[in-house]
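Geometric and topological summary
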Amino acid sequence: MLRIATANVNGIRAAHRRGFGDWLAGRGCDVVALQEVRAQAAVLPEGAFGDFHVALETGSLPGRNGVAVLTREPPAAVRTWSGTALVGGPSAPLQEVPAPDHVALARGLGPFAHQGRYLEVDLADAPVTIACLYLPKGGLPAHLQRPERMREAPDGGAKYTRKMGFMAAFSRYLTRTRRAAAAQGREFLLMGDLNIAHTERDLAAWRRNQQTDGFLPEEREWLGAQLSSRTLVDVVRRLHPDTAGPYSWWSWLGQSFANDAGWRIDYHLATPRLARAAVRAEVDRDHLGVRLSDHSPVVVDYALDRGTGVAADGRGRASAAPLTRGSATPS
């Protein structure tokens, strides 16, 4: 069994103050993908990544973005858009190493190459490539911006245009890197905060959010275009096809978390054979009654033969596992 998690920690230092280290030590994960690490190497908390090996792309924007992939064994390869990564282990300090990509960066991704939004590793103990993505949050197009309904000043659609450009370019890149993994005999798993709720089942208050960034029709259409029975499969939705949620993000404001009025925006998107090996999916809503972030980790168990990457039982049957772990409300 390979237990794999994705978590937007919304700042690794803040997450550690809330108990992330204990969660990491006790959850039994083999691979953990992190987004919004939000810390350069010099300010990482002691033991930030526990007894895992880590590949980290902090990006060049202090206090923003940053992605990492934690593995039990040193990764066989590390790739970033910037061409370098920080790599370390339980007893080895982080060191900057070359991490050149193996496919051409799609036109339009250049402005994002040094922002700490994407990292890719090849696992050493299973024929799987893990990709970690933090997709830009975006904003509203100009014609939907109403100052009285916005917390930030209208920007004329600049953030919306930026996000849509990123998505168009990333779609081309995703096809290339997925095919490159297949050419090497590897399954491919894209995880991360995509900042999009795909369907009505992925957003509790979907009716009043149809003109909200993250649930715009064009965003949802883009995400749907990345999925098919031959390319990438939404693993959690495959295991829980008829369920509202399970949500992975809740606002800190009001009673959104207590009422489970959230969004499902953190994904495992896997190549079909790997998706069939998924047998259990959970969202860790809290850890010992404490929220680690405004996001919660999404944890999936994959029944793999580590030598071949094929589902261990040949079928990858879905488990009747509960959708969430931990208490329904913070204590």
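The shown structure was predicted, so the numbers you read here are calculated from the model rather than taken from an experiment.

**Digging into the overall build of the protein chain**
Looking only at helices and strands, the protein chain features six helices and 15 strands. Taking 20 Å as the expected radius of gyration for a compact globule of 331 residues, we find that the protein chain reaches 19 Å, a close match to that expectation. Dimensions of the protein chain along its principal axes, counting C-alpha atoms only, are 55 × 45 × 40 Å. Residue pairs in contact within the protein chain that sit at least 24 positions apart in sequence constitute 74% of those at least 6 positions apart. For the protein chain, the computed accessible surface area is about 13900 Å², with 50% contributed by carbon and sulfur atoms. Taken together, the 40 basic and 34 acidic charged side chains of the protein chain have centroids lying 4 Å from each other.

**A short note on unusual backbone geometry**
Here Gly 245 and Pro 246 are connected by a cis peptide whose omega angle stands at 0°. Turning to its location among the elements, Pro 246 is positioned in the loop between helix H5 (235–239) and strand S12 (266–270). Even without glycine at this site, Arg 38 takes up a positive phi of about 55°. Look at Arg 38 and you get partly exposed, because its relative accessible area is 30%.

**What to know about helix H4 (residues 217–225)**
Each turn of an α-helix holds 3.6 residues, which means side chains three or four residues apart point in the same direction. All of the buried residues in H4 are Glu 219, Trp 222 and Leu 223. What you see down the axis of H4 is that its buried residues fit within an arc of 95°, all on one side. Of the exposed residues in H4, those oriented more than 90 degrees away from the buried face are Pro 217, Glu 221 and Ala 225. Considering only its buried residues, H4 is in contact with helix H3 (158–183) and S12.

**Considerations on H3**
When the terminal C-alpha atoms of H3 are compared, their 38 Å separation across 26 residues agrees well with the 38 Å that a helix rising 1.5 Å per residue should span. Just beyond H3, the residue with positive phi is Gly 185, at close to 75°.

**A short note on the confidence of the model for the protein chain**
Of all residues in the protein chain, 92% have pLDDT values of 70 or greater, and the mean over the chain is 93. Of all secondary-structure elements in the protein chain, the lowest mean pLDDT belongs to strand S15 (residues 324–325), at 48, while S12 reaches the highest, 99.

**Observations concerning the side chain of Arg 117**
With respect to the secondary-structure elements, Arg 117 resides in the loop between strand S7 (92–98) and strand S8 (118–122). Buried charged residue Arg 117 carries no salt bridge. Nearest counter-charge: Glu 36, at 7.7 Å. In terms of polar contacts, Arg 117 uses its side chain to reach the side chain of Gln 115, at 3.0 Å. Residues in contact with Arg 117, not counting those within four places in the same chain, are Asn 65, Val 67, Phe 112, Cys 132, Leu 133, Tyr 134, Leu 135, Pro 136, Arg 162 and Phe 166.

The rules behind each value
- Residues numbered from 1 in each chain as written.
- Predicted model: local features only at pLDDT ≥ 70, side-chain atom pairs only at ≥ 80, totals over all residues.
- Heavy atoms only, no water.
- Helix = DSSP H or I, 4+ residues; strand = E, 2+ residues; numbered from the N terminus.
- Rg over C-alpha atoms; globule rule 2.2 N^0.38 Å.
- Contact = heavy atoms within 4.5 Å.
- Areas by Shrake-Rupley, 256 points an atom, 1.4 Å probe, with all protein chains shown as cover.
- Lys, Arg positive; Asp, Glu negative; His and termini not counted.
- Charge placed at Lys NZ, Arg CZ, Asp CG, Glu CD.
- Buried < 20%, exposed > 50% of the residue type's maximum accessible area, 1.4 Å probe, protein only.
- Arc of directions from axis to C-beta.
- Expected span 1.5 Å × (residues − 1).
- pLDDT = per-residue confidence, 0-100.
- Salt bridge = Lys/Arg side-chain N within 4 Å of Asp/Glu carboxyl O.
- Polar contact = N/O pair within 3.5 Å; in protein donor to acceptor, adjacent residues only side chain to side chain.

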